[in-house]
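# Analysis of the macromolecular model
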Amino acid sequence: MSMAFSCAGARAHGRVGGNAAKCRAAAALLGRRGGCFRPAARRWSVARGVRADLPRASADGGASAVTSDSAVAVPEAEAGEVAAAVSSEQVGAVAQPGVLPEVDDGSGGNGKLPPGGGGGDGENGGGGGGGGSDGDEGDDEFGPILSFDQVVQEAEKRGVSLPNLPADMVEAAKSVGIQKLLLLRYLDMQASAWPLGPAIRSCALLRNRMLVDPAFLFKIGTEIVIDTCCATFAEVQKRGEEFWSEFELYAADMLVGVVVNVALVGMLAPYARFGGRSASEGLLGRVRHAYDALPSSVFEAERPGYRFSVQQRIGTYFFKGILYASVGFFCGLVGQGIANLIMTAKRSVKKSDDDVPVPPLLKTSALWGAFLGVSSNTRYQIINGLERLVEASPVAKRVPAASLAFTVGIRFANNVYGGMQFVDWARWSGCQ
C-alpha cells in the first residue's frame, strides 16, 4: 500500500355627539346594529337602548358585569351623561373579543402563534425534535423566521419567482417558515456564476450545507490541498526516480484521497433542514426518524426547532463512526485494489529483487475502515467543535479571516498527525 494513500485517507437554531368616530366604535363594541349615538331628541331612547343591550353584550362578549332585569328610569337631561359613562367605563368590561386579531409582529408569524418552533406534535407547526416553545426561538444567528408571504416577497425582490425556488424550501415556508438569513444566502448563492450557481440550484446536499456554513467549500478545498501536498511529498520521497514510471499508482492514490476528504468533511458538516420529519411507519420509518433527529456532528449548534440531547450527541459519534468505517473500507478496497492490479501487472513483465510484497487487499481495506471509523471520526469531531467555537468568537466576527486561518492550521496539523498514526496502525496490523 502506498504512503500517499495512507496520508490521503487519514483525514480520512369625548362626550356624546362630540366625536363620531368614537361613537361608532363604542356602538360597535356594545353590540348595537345602528351607527353613532344621537344627541337631543334621541337621548332617552339611547339610554334605554344601552340598558337593554348591556345584558346581551355581556353574555356574548363574556363580560363580568351583571345588569338588573328591571327598567331603570333615566332623566332626559342625564341621558347623554349615561351614554358617555357607559361608553367610557363599560366598554372594557362589555366588549371582550373572543378571537385575537392578527398582529404583524415582524417575526414572520401570524401574530397568534410563534412561527416555526420546535418540539410540536405536528398540529401547531412544530418542526423539530426536542424543541421548546419559547417566543424568541427564531432569534439566533440566522435571524427571524419569515412567513410564506414574506418569503415570496423577498424572492421577488431578487427576481426569483416562486416556481424557481426549491420545492423543499417552498414547503418549509408554507408550514413553519424559513429563517431570513438562510433565504437571503440562497438567493445570493443561486445567482452566482458557474459552477457555484447551478450547483446550488441543483444539488440539495451542497445547498443545505452552504446555507449554514458558507465556508463549507473552503474547508473541503483546504482538506484536499493539504492532503494532496502531503501525499505528493511522501510519494516523491518514497518512489524517487521511479515516481513518473509509477505515476498511475500516485494518481490512483490522489483520486481515492479526494473522495475520502470530501466524505470526511461533508458527513460532519452542519446543514439546513427543510421539511418535516419522516412520517413513514415500520422499522425503516423509525430508523429514518431517529436519523433525522441526530445532529450532523457531536458539537453541532442547536437551532430553532432542533434541540439535541446528550444521548443524541453520543449516538451521533457512533453512527458517524459506522459511516466513516464504511467509506474507509470501500475506498480502501477500490484504491488498494487498483494499486495491487498495477503492481501485479508490472511484475509480470519485469521482476526485481527489491519488489515489496503486494499488500493483502481485504486486510488493508479493513484497516482503512477501522482507522477512519475510530481515529479519523474522533479527530474530525474535535476539529468541528473547535471550528465552531472559533467562528462564534468575537475575534472571528470582527475579523472573518481569523477563522479561515484557524481552519487551515488545525487541518494541516491533523493531516500530518493522522498520516503518522496510520503508519503505526499499518505496521501494528502487519499490512506494511
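Each remark here, short or long, concerns the structure printed above.
These lines cover the structure that appears in this document, whether it is placed above or below. (Residues numbered from 1 in each chain as written. Predicted model: local features only at pLDDT ≥ 70, side-chain atom pairs only at ≥ 80, totals over all residues. Heavy atoms only, no water.)

### Overview of the packing of aromatic side chains
Here is the rule: The rule is short: rings of Phe, Tyr and Trp, with Trp giving its six-membered ring, pair when the centres are within 6.5 Å, and they are stacked under 30 degrees, edge-to-face over 60, tilted in between. Partly exposed residues are those whose accessible area sits between 20% and 50% of the maximum for their type, while under 20% is buried and over 50% is exposed, using a 1.4 Å probe and protein chains only. Only runs of H or I of at least four residues qualify as helices and only runs of E of at least two qualify as strands under DSSP, and these elements are numbered from the N terminus.
According to the stated counting rule, one finds 11 aromatic pairs in the structure shown. Taken together, a centroid distance of 5.4 Å and an interplanar angle of 85° make the contact between Tyr 317 and Phe 318 edge-to-face. Residue classification places Tyr 317 among the partly exposed positions, given a relative accessible area of 25%. On the basis of relative accessibility, which here comes to 54%, the residue Phe 318 falls in the exposed class. Aromatic side chains Phe 371 and Phe 422 sit 5.1 Å apart centroid to centroid with 85° between the ring planes, which places their arrangement in the edge-to-face category. Here Phe 371 is found in helix H15 (residues 361-391), whereas its partner Phe 422 is found in helix H17 (residues 400-429), with 51 residues between them in sequence.

### Focus: the environment of Arg 303
Following the sequence through the fold, Arg 303 ends up in the loop between helix H13 (282-293) and helix H14 (310-349). For Arg 303, a relative accessible area of 8% puts it in the buried group. Through-space distance from the C-alpha of Arg 303 to that of Glu 141 is 8.9 Å; in sequence the pair is 162 residues apart.

### Focus on the nonpolar core
Stated formally: The definition of a nonpolar core used throughout is a set of buried Ala, Val, Leu, Ile, Met, Phe, Trp, Tyr and Cys residues joined through side-chain atoms within 4.5 Å.
In terms of nonpolar packing, the biggest core is built from 27 residues, with Leu 165 and Ile 178 touching the most fellow members. Where this core is concerned, the elements lending two or more residues are helix H6 (148-157), helix H7 (167-175), helix H8 (180-190), helix H10 (204-212) and helix H11 (216-239). The element best represented in this core is H8, accounting for 5 residues. Counting 19 residues, the second-largest nonpolar core is a separate cluster that includes Ala 263, Tyr 324, Phe 422 and Cys 431.

### Some thoughts on a nonpolar patch on the surface
Formally: Patches were defined on residues exceeding 30% relative accessible area and lacking a salt bridge, with like-charge contacts within 9 Å and nonpolar side-chain contacts (Val, Leu, Ile, Met, Phe, Trp, Tyr) within 5 Å. Here, Shrake-Rupley sampling with a 1.4 Å probe gives the accessible areas, and only protein chains in the shown set may cover a residue. By convention in these notes, a salt bridge is any Lys or Arg side-chain nitrogen within 4 Å of a carboxyl oxygen on Asp or Glu.
Together, Phe 329, Phe 330, Leu 333, Val 334, Ile 338, Leu 361 and Leu 362 make up a nonpolar patch on the protein surface, roughly 580 Å² of accessible area in all. Listed by contribution, the elements that provide at least two residues to the nonpolar patch are H14 and H15. With 5 residues, H14 is the single largest residue contributor to the nonpolar patch. By the element assignment, Val 334 lies in helix H14.

### Notes on H13
Think of an α-helix as turning once every 3.6 residues; residues three or four places apart then point the same way. Keep this limit in mind: Every helix has an expected span of 1.5 Å times one less than the residues it contains. Our arc is simply the arc of the directions from the helix axis toward the C-beta atoms. By definition, residues are in contact when any of their heavy atoms lie within 4.5 Å.
For H13, with 12 residues, the first-to-last C-alpha span of 17 Å sits near the 16 Å given by 1.5 Å per residue. For H13, the complete set of buried residues consists of Gly 285, Asp 292 and Ala 293. Across the axial projection of H13, the buried residues extend over an arc of 100°, all falling on one side. What points out from H13, more than 90 degrees from its buried face, is the exposed set Leu 283 and Leu 284. Buried-residue contacts for H13 involve H14.

### Section: the pattern of salt bridges
Summed over the entire model, instances satisfying the criterion amount to 11 salt bridges. Put simply, Arg 273 and Glu 300 hold a salt bridge, and the shortest N to O gap is 3.4 Å. Placement of Arg 273 in the loop between helix H12 (247-266) and H13 and of Glu 300 in the loop between H13 and H14 is noted, with a sequence separation of 27 residues between them. The same class applies to Arg 273 as to Glu 300, namely buried. In this structure, Arg 313 engages Glu 302 in a salt bridge whose closest nitrogen and oxygen atoms are separated by 4.0 Å. In this pair, Arg 313 is assigned in helix H14 and Glu 302 in the loop between H13 and H14, connecting sequence segments 11 residues apart. For Arg 313, a relative accessible area of 17% gives the class buried.

### Comments concerning the packing of H12 against H14
The line we're drawing: Inter-axis angles, ranging from 0 to 180 degrees, are taken between N-to-C directions of lines fitted to C-alpha atoms, where helices are fitted over the stretch in contact. Oblique is the label for any angle not covered by the other classes, which are roughly parallel (under 35 degrees), roughly antiparallel (over 145) and roughly perpendicular (65 to 115). The nonpolar class holds Ala, Val, Leu, Ile, Met, Phe, Trp, Tyr, Cys and Pro. Asp, Glu, Lys and Arg form the charged class, and all remaining residues, Gly among them, are polar.
Contact geometry for H12 and H14: axes closest at 10 Å, N-to-C directions at 175°. Classified by the angle between their axes, H12 and H14 sit roughly antiparallel to one another. Every residue of H14 that contacts H12 at Glu 248, Leu 249, Ala 252, Val 256, Val 259, Val 260, Ala 263 and Leu 264 is listed here: Tyr 324, Val 327, Cys 331, Gly 335, Ile 338, Ala 339, Ile 342, Met 343 and Lys 346. For the contact of H12 with H14, a count of residues per class yields 14 nonpolar, 1 polar and 2 charged.

### Digging into the environment of Ala 215
With respect to the helices, strands and loops of the structure, Ala 215 is situated in the loop between H10 and H11. Accessibility expressed as a relative area gives 16% for Ala 215, which makes it buried. Along the backbone, Ala 215 and Thr 407 are 192 residues apart, and their C-alpha atoms lie at a distance of 9.8 Å.

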